[in-house]
Amino acid sequence: MTQDRVLDTAGIADLADGDWRIRVLAVRDMVRLARSGNAIDAKTLVGLLDDDSAHVRYLAAMSLGIVSEASASAPLQLRLAKDPTTTVRSQAAISLGQIGLESSLPALEKALSDDSSRDVTHQCELAIYQIRTKQAAGSDLAEAWSGLEESTFDTVATGTPAPDFELKDTEGNRWKLSEHRGKTVALVWVFADWCPVCHGEFNDLMELEETFSDEKVEVVTVEIHDRFRCRVMVGKELEPHYWFSKESFKEAYTQKIWWPHLSDLAGAVGAQFGIDPLAFAVHSEYINRPATIIIDPEGVVRFTYFGTFWGDRPSIHDMLKIIRSKSYDFRHPRRLEFKSGE
């Protein structure tokens with residue numbers, strides 16, 4: 001996981017740390033370049049997969065998957081097989097799944113069998129299934145990344161009206177914030193299907209359905225991935241081999257998930273609320289800050305909480321207590337304390 005440079009521990013205590021902006025805007029600009037239609041531009045981006053910097057290789061691999069650049073398939077297979085950096089190999093697998101070429105299957109199957117990283121093999125398992133079921137990334141993913149505007153980042157303040165937004169759920173249905181006025185809305189940004197904490201939250205939500213209904217609370221989970229990855233999270237696609245659980249999620253999820261799980265493409269909505277789309281490298285994938293946003297029945301943001309590491313966020317039970325008490329001063333007991341560098 002990303003290391004805090006001052007504390008020398010997993011996480012990022014400084015909410016003002018701007019590394020995520022560099023990553024996000026680099027991906028946005030590379031996606032814009034790839035969508036220009038210029039063959040030279042596409043060749044240049046593919047060439048970045050051989051850069052000396054693992055950071056550049058990672059972001060190039062991510063961008064090429066987002067735009068489904070077919071010419072990147074062979075170079076990505078090489079990164080998957082030989083790159084010394086786990087995050088790059090993991091992203092290469094993700095991108096090959098997004099590109100969706102069957103010619104990538106042998107390389108993915110070999111990495112699934114041979115790679116020493118469970119994070120890489122997990123992404124290989126998903127990519128193989130994605131290719132076999134013909135669910136390559138759609139143009140909406142590239143459009144979302146290309147359309148990111150830095151001026152919209154971190155523009156929502158606690159105590160002010162929440163901006164209206166519309167996202168799609170795992171069935172492609174549209175969910176619009178303004179249509180839920182009159183209820184308290186709790187927005188919970190989760191990581192991905194490989195996150196055991198996220199699955200714990202899902203289990204709590206399933207158990208508390210009646211309680212949230214009685215409290216007139218609309219709970220929504222949000223993931224900064226495309227529809228395919230979001231469907232994996234809620235058990236609507238394959239059931240991967242999870243190293244952190246011996247129990248199956250699929251049957252319970254398909255029968256008991258009662259809330260909408262939304263796809264926040266490129267993290268565009270989250271970034272408005274101050275949620276850093278590519279803040280942490282967790283399980284070899286750059287991912288958003290864990291975050292909880294509570295919006296009151298009048299549409300005003302009452303609570304914003306941004307985690308400093310993977311385990312720093314209000315639990316579902318904590319969230320319920322916050323809503324009931326209307327006391328919005330929650331602080332996670334394990335929250336990292338930011339200290340200015342010497």
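Rules of the game
Residues numbered from 1 in each chain as written. Predicted model: local features only at pLDDT ≥ 70, side-chain atom pairs only at ≥ 80, totals over all residues. Heavy atoms only, no water. Buried < 20%, exposed > 50% of the residue type's maximum accessible area, 1.4 Å probe, protein only. Helix = DSSP H or I, 4+ residues; strand = E, 2+ residues; numbered from the N terminus. Arc of directions from axis to C-beta. Contact = heavy atoms within 4.5 Å. Salt bridge = Lys/Arg side-chain N within 4 Å of Asp/Glu carboxyl O. Pairing = 2+ DSSP bridges. Phe/Tyr/Trp six-rings, centres within 6.5 Å; stacked < 30°, edge-to-face > 60°. Lys NZ or Arg CZ within 6 Å of the ring centre and 35° of its normal.

Which residues make up helix H14 (residues 316-325), and what values do they have?
Taken residue by residue, H14 has Ile316, Met319, Leu320, Ile322 and Ile323 as its buried positions. The arc enclosing the buried residues of H14, seen along the axis, measures out at 160 degrees, which places them on a common side. Next to the buried residues of H14 lie strand E3 (184-190), helix H9 (196-207), helix H10 (209-214), strand E4 (217-223), strand E8 (291-295) and strand E9 (301-306). Lysine 326 occupies a position one or two residues after H14 and carries a positive phi of about 60 degrees.

Pulling in residues and values, what's your account of the pattern of salt bridges?
On inspection of all chains with the given rule, the structure shows 25 salt bridges. The partner of arginine 89 in a salt bridge is aspartate 115, and the shortest N-O contact between them spans 2.8 Å. Separated by 26 residues along the polypeptide, arginine 89 in helix H5 (residues 86-99) and aspartate 115 in the loop between helix H6 (105-114) and helix H7 (118-132) bring together distant segments of the chain. The class of arginine 89 is buried, set by a relative accessible area of 9%.

I'd like a rundown of the pairing of E3, residues and numbers included.
The element E3 is largely enclosed, with a buried count of seven among its seven residues. Side chains of E3 alternate between two faces, with Thr184, Ala186, Val188 and Val190 and Val185, Leu187 and Trp189 buried alike. As paired elements, E3 and E4 share seven bridges and run parallel to each other. Residue pairing across strands places threonine 184 opposite valine 217, the latter belonging to E4. Relative to E8, E3 is paired through five bridges, and the arrangement is antiparallel. Paired with leucine 187 across the two strands is isoleucine 293, which belongs to E8.

Let's hear about unusual backbone geometry: which residues, and what values?
In this structure, aspartate 8 is a non-glycine residue whose phi angle is positive, near 55 degrees. When you line up the elements, aspartate 8 lands in the segment before helix H1 (19-34). Its identity is not glycine, yet aspartate 154 carries a phi of approximately 55 degrees, on the positive side. Residue placement: aspartate 154 occurs in the loop between helix H8 (139-146) and strand E1 (166-169).

Give a description of the packing of aromatic side chains that names residues and reports values.
Going through the model one piece at a time under the given rule, you end up with 20 aromatic pairs. Between tryptophan 20 and phenylalanine 153, the aromatic rings sit 5.4 Å apart at their centres with planes inclined by 40 degrees, giving tilted as the arrangement. Note that tryptophan 20 is positioned in helix H1 and phenylalanine 153 in the loop between H8 and E1, a separation of 133 residues in sequence. The same class applies to tryptophan 20 as to phenylalanine 153, namely buried. Their ring planes at 25 degrees and their centres at 6.4 Å tell us that phenylalanine 244 and phenylalanine 249 sit as a pair that is stacked. When its relative accessible area of 24% is taken as the criterion, phenylalanine 244 is described as partly exposed. One aromatic cluster in this structure is built from Phe202, Phe212, Tyr242, Trp243, Phe244, Phe249, Tyr253, Trp258 and Trp259. Between the NZ or CZ atom of arginine 313 and the centre of the ring of phenylalanine 191, over which it lies, the distance is 5.1 Å. The aromatic ring of tyrosine 305 is capped on one face by arginine 335, whose charged end is 4.9 Å from the ring centroid.

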